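# Summary of structural features
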Amino acid sequence: MASSDPREGSRQPFFERRGVVITPDDLSWTDWPERAARAGLNTIALHPTPSVVLGFLATERRQRFLAQCRAFSLDVEYELHAMAELLPRVLFEK
């Protein structure tokens, strides 16, 4: 029986986005971009909250990380739990 899967015979991955979600603390392992590219990923997302990620973005380490991601054609996304920092808890009920 013939397959109706349009990917059959194609080397294209099924998912357009393939990535990993990590925290800035995970970047103590400095070769994340290289490992992600070797694994066939195309996106690295930083997590968990705006304050944690903003702290990282203010560092020189960020420059190296973003340069490595560009070198491996990796997109960088931000997967943030932001509501608690955007709206103080005392205002949740209002």
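Structure: above.
Quick caveat, the model's predicted, so the values are computed rather than measured.

Conventions used here
- Residues numbered from 1 in each chain as written.
- Predicted model: local features only at pLDDT ≥ 70, side-chain atom pairs only at ≥ 80, totals over all residues.
- Heavy atoms only, no water.
- Helix = DSSP H or I, 4+ residues; strand = E, 2+ residues; numbered from the N terminus.
- Buried < 20%, exposed > 50% of the residue type's maximum accessible area, 1.4 Å probe, protein only.
- Contact = heavy atoms within 4.5 Å.
- Areas by Shrake-Rupley, 256 points an atom, 1.4 Å probe, with all protein chains shown as cover.
- Arc of directions from axis to C-beta.
- Phe/Tyr/Trp six-rings, centres within 6.5 Å; stacked < 30°, edge-to-face > 60°.
- Patch = residues over 30% accessible without salt bridge, like charges linked within 9 Å, V, L, I, M, F, W, Y side chains within 5 Å.
- Salt bridge = Lys/Arg side-chain N within 4 Å of Asp/Glu carboxyl O.
- Expected span 1.5 Å × (residues − 1).

Now for the overall build of the chain. Per the secondary structure count, the chain includes 4 helices and 3 strands. In the chain, the succession of helices and strands from N to C terminus is β-α-β-α-α-β-α. Counting all 94 residues of the chain, 21% fall into the buried class. Of all intrachain contacts in the chain linking residues separated by at least 6 positions in sequence, the fraction that spans at least 24 positions is 69%. A total accessible area of about 7100 Å² is found for the chain, and carbon and sulfur atoms account for 54% of it.

Further remarks concern helix α2 (residues 50–57). Listed in full, the buried residues belonging to α2 are Pro50, Val53 and Phe56. Seen along its axis, α2 keeps its buried residues to an arc of 130 degrees; they face one direction. For α2, the secondary structure elements touched by its buried residues are β2 (43–46), α3 (60–71), β3 (75–78) and α4 (83–86).

What follows concerns the packing of aromatic side chains. Inspection of every chain in the model, using the stated rule, returns 3 aromatic pairs. On the numbers, 5.1 Å between centres and 75 degrees between planes, the contact of Trp29 with Trp32 is edge-to-face. Residue classification places Trp29 among the partly exposed positions, given a relative accessible area of 41%. Note on Trp32: relative accessible area 16%, which makes it buried. Ring geometry for Phe56 and Phe65: centres 6.0 Å apart, planes at 70 degrees, overall edge-to-face.

Turning our attention to a nonpolar patch on the surface. Where nonpolar side chains cluster on the molecular surface, the patch consists of Met83, Leu86, Leu87, Val90, Leu91 and Phe92 and spans about 580 Å² of accessible area. Position of Val90 among the secondary structure elements: in the segment after α4.

So, about α3. For α3, built from 12 residues, the straight-helix expectation of 16 Å at 1.5 Å per residue is met to within 8% by its first-to-last C-alpha distance of 17 Å. Residues of α3 that are buried: Phe65, Leu66 and Cys69. Across the axial projection of α3, the buried residues extend over an arc of 95 degrees, all falling on one side. In α3, the exposed residues that point more than 90 degrees away from the buried face are Glu60, Arg70 and Ala71.

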